[in-house]
Amino acid sequence: IFAHSRSTKLDQKKPCKRMVLYFHDTMFKGDNGANATAATIVNANGTGLGNSKFGKTVVFDDPITLDNNFHSTPVARAQGFYFYDMKTTYNAWFAYTLIFNSTQYKGSINIMGADMMDEPTRDLSVVGGTGDFFMARGITTFKTEEVEGADYFRVQMDVKLYECY
Amino acid sequence: IFAHSRSTKLDQKKPCKRMVLYFHDTMFKGDNGANATAATIVNANGTGLGNSKFGKTVVFDDPITLDNNFHSTPVARAQGFYFYDMKTTYNAWFAYTLIFNSTQYKGSINIMGADMMDEPTRDLSVVGGTGDFFMARGITTFKTEEVEGADYFRVQMDVKLYECY
Amino acid sequence: IFAHSRSTKLDQKKPCKRMVLYFHDTMFKGDNGANATAATIVNANGTGLGNSKFGKTVVFDDPITLDNNFHSTPVARAQGFYFYDMKTTYNAWFAYTLIFNSTQYKGSINIMGADMMDEPTRDLSVVGGTGDFFMARGITTFKTEEVEGADYFRVQMDVKLYECY
């Protein structure tokens with residue numbers, strides 16, 4: 001097969017798989033190790049460039065639930081990191097893996113992209129997958145559901161896969 | 001459809017979309033917060049392994065222009081990070097998002113790969129896209145245009161997409 | 001061509017290219033700069049969240065060999081980073097580039113994903129490639145071969161590409 005390049009039209013409204021998930025990020029503050037699932041690894045107050053914690057970096061192993069209740073049984077973990085990267089507003093860049101190990105799914109989904117928090121929704125890329133998500137590609141749409149200062153946030157992740165194998 | 005694997009021949013000279021862009025990285029030095037768009041987040045002088053700042057890590061939110069003039073109106077932002085990762089020469093690893101929000105394009109392109117700065121050109125991977133670049137994949141070729149010590153560099157990014165949807 | 005989404009069945013046992021490689025990570029301890037190829041960039045002892053060095057982050061430029069002998073001539077370098085990201089066990093997240101510059105191969109492969117070290121094998125995503133690996137996608141399976149405390153580890157990487165161009 002020879003092709004100059006692949007130009008296919010995909011209907012963004014018709015993914016081959018879709019999962020709506022909730023991402024809970026509870027920051028470590030020194031005395032909440034039992035509950036915390038994320039920790040600042042460098043620049044808790046930012047680098048001094050701008051006023052929005054530019055360069056603050058966080059590693060997380062956050063629970064993923066099927067509804068927006070923090071106490072629901074997690075169906076997956078999100079393991080990865082983010083950092084703040086704007087001078088004038090809180091804006092972050094994420095790379096992480098969704099790890100499923102339940103009766104329903106085993107495998108992982110790898111995600112990266114910009115989280116422009118001021119936008120009502122923002123799209124990140126699903127760049128690969130393993131196990132039940134072998135070779136998957138798609139889009140994850142973030143929507144902020146709750147922010148409790150620097151202590152906790154909850155984001156709705158609408159995972160839409162357009163390549164399923 | 002069943003396939004053992006996908007082996008397609010693509011003509012590298014015929015992307016389905018191509019954009020030549022310029023990436024301007026102005027480092028924060030403590031007193032240039034108005035102009036700086038990148039900041040060292042850890043190991044300004046490296047970790048001590050080798051003599052080429054191994055481990056120095058930078059977060060950036062850099063303007064992207066259509067020509068090599070720093071003062072041209074940006075058509076996109078590049079948000080992400082890089083770190084130096086060789087003992088004997090300056091060499092970096094990048095992961096970032098190109099964010100377009102202009103009349104021409106809305107959406108983002110996600111990129112990662114090695115920047116072997118000693119090579120005249122080097123290729124990184126476009127691993128996904130959103131919006132007008134929905135599900136894109138391709139190659140970004142870096143070519144250094146200017147380096148002003150640790151203060152500023154300009155790289156030409158030749159973005160070639162081979163999967164367009 | 002119009003498609004709602006791409007649902008293709010791939011045979012995971014039949015990649016279009018496969019390479020079994022060995023990844024040697026020798027940590028910098030301050031006095032072994034001649035041999036070390038990796039350095040902790042932040043949180044050598046972790047962030048204090050849990051007891052498994054959560055948040056410790058390492059940058060590496062590690063040699064890749066075709067057999068498990070550390071002294072074999074490298075066929076590639078692995079340049080990238082990993083960080084520990086669990087409270088209760090050693091578990092890491094990786095993003096890196098395999099750089100080939102030999103008579104056999106020139107080009108690179110970009111990889112990201114979770115390394116759940118307690119599992120006998122774990123799959124990461126090959127999200128792109130350049131040169132001889134132009135536009136590649138696939139899976140890299142990690143299998144730990146040896147761990148010498150925090151000083152050295154060797155991982156077998158079974159790289160299986162399912163999209164070859």
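Located above this text is the structure these notes cover.
In this text, all values refer to a predicted model and were calculated from it rather than measured experimentally.

Novice: Would you explain the environment of Y105 of chain B in this entry?
Specialist: Residues and elements named next belong to chain B. Position of Y105 among the secondary structure elements: in the loop between strand 8 (92-101) and strand 9 (106-115). Once the C-alpha coordinates of Y105 and A76 are considered, the two residues, 29 residues apart in sequence, prove to be 9.1 Å apart. Leave out the neighbours within four places in its chain, and Y105 touches K17, M19, F100, D132 and F133. Here K17 takes part through its side chain, which lies 3.2 Å from a polar atom of the side chain of Y105.

Novice: Help me understand the relation of the copies chain A and chain C in this model?
Specialist: Comparison of the two chain copies shows a relationship of rotation about an axis with a shift along it. Of the transformation placing chain A onto chain C, the axial shift is 0.0 Å and the rotation is 120°, giving an RMSD of 0.0 Å. Interpreted geometrically, this transformation is the action of a three-fold axis. When C-alpha positions in chain A are compared against the rotation axis, the closest is assigned to V127 of chain A, at 3.5 Å.

Novice: Is there a simple way to think about the nonpolar core in this case?
Specialist: Considering soluble globular proteins, one finds that nonpolar side chains tend to be buried as a cluster. Within the largest apolar cluster, 48 residues are counted, with the highest numbers of intra-cluster contacts made by F81 and W93 of chain A, F81 and W93 of chain B together with F81 and W93 of chain C. Excluding its chain neighbours within four sequence positions, the residues that come into contact with F81 of chain B are F81, F83 and W93 of chain A, T57, V58, V59, F60, W93, F94 and A95 of chain B together with F81 of chain C.

Novice: What am I meant to see in the interface of chain A and chain C here?
Specialist: Interface size is often expressed as the accessible area that is lost when the parts come together. With 46 residues of chain A at the interface, the matching set in chain C holds 41 residues. Taken as a group, F134, M135 and Y165 of chain A account for 20% of the area that chain A buries against chain C, more than any other trio of residues on that side. One can count one salt bridge joining chain A with chain C. Between R137 of chain C and E163 of chain A there is a salt bridge; the shortest N-O distance is 3.7 Å. Linking chain A with chain C are 13 residue pairs in polar contact (both at pLDDT 80 or more), by the criterion used here. Sorting the residues of the side of chain A that touches chain C by element identifies strand 3 (9-10), strand 5 (38-42), strand 6 (57-65), strand 7 (76-84), strand 8 (92-101), strand 9 (106-115), strand 10 (122-131) and strand 12 (152-164) of chain A as the ones contributing at least two each. When the residues that make up the side of chain A that touches chain C are grouped by side-chain class, the tally is 25 nonpolar, 14 polar and seven charged.

Novice: Mind showing me how you'd approach the interface of chain A and chain B here?
Specialist: Taken together, the contacts link 41 residues of chain A with 47 residues of chain B. In total, chain A and chain B occlude about 3400 Å² of area from one another, counting both sides; carbon and sulfur atoms represent 60% of this. In this assembly, chain A and chain B are joined by one salt bridge. Of all elements in the fold, only strand 1 (2-3), strand 2 (6-7), strand 3, strand 7, strand 9, strand 10, strand 11 (137-148) and strand 12 of chain A reach the threshold of two or more residues within the side of chain A that touches chain B. Top element by residues in the side of chain A that touches chain B is strand 10 of chain A. It accounts for four residues.

Novice: Help me understand unusual backbone geometry, please; the structure alone is not making it clear to me.
Specialist: A negative phi angle characterises most non-glycine residues, just as the trans form characterises most peptide bonds. Residues and elements named next belong to chain A. Backbone geometry places N43, a non-glycine residue, at a positive phi of 60°. Looking at the element boundaries, N43 is found in the loop between strand 5 and strand 6. One non-glycine residue, K53, lies in positive phi territory at about 60°. Tracing the backbone through its elements, the reader meets K53 in the loop between strand 5 and strand 6. What makes K53 partly exposed here is its relative accessible area of 25%.

Parameters and conventions
Residues numbered from 1 in each chain as written. Chains lettered and ligands numbered in written order. Predicted model: local features only at pLDDT ≥ 70, side-chain atom pairs only at ≥ 80, totals over all residues. Heavy atoms only, no water. Helix = DSSP H or I, 4+ residues; strand = E, 2+ residues; numbered from the N terminus. Contact = heavy atoms within 4.5 Å. Polar contact = N/O pair within 3.5 Å; in protein donor to acceptor, adjacent residues only side chain to side chain. Least-squares fit on C-alpha atoms with pLDDT ≥ 70 in both. Core = buried A, V, L, I, M, F, W, Y, C linked by side-chain atoms within 4.5 Å. Buried < 20%, exposed > 50% of the residue type's maximum accessible area, 1.4 Å probe, protein only. Buried area = accessible area lost by both parts, 1.4 Å probe. Salt bridge = Lys/Arg side-chain N within 4 Å of Asp/Glu carboxyl O. Nonpolar A, V, L, I, M, F, W, Y, C, P; charged D, E, K, R; others polar.

Structural measurements only, silent on function.
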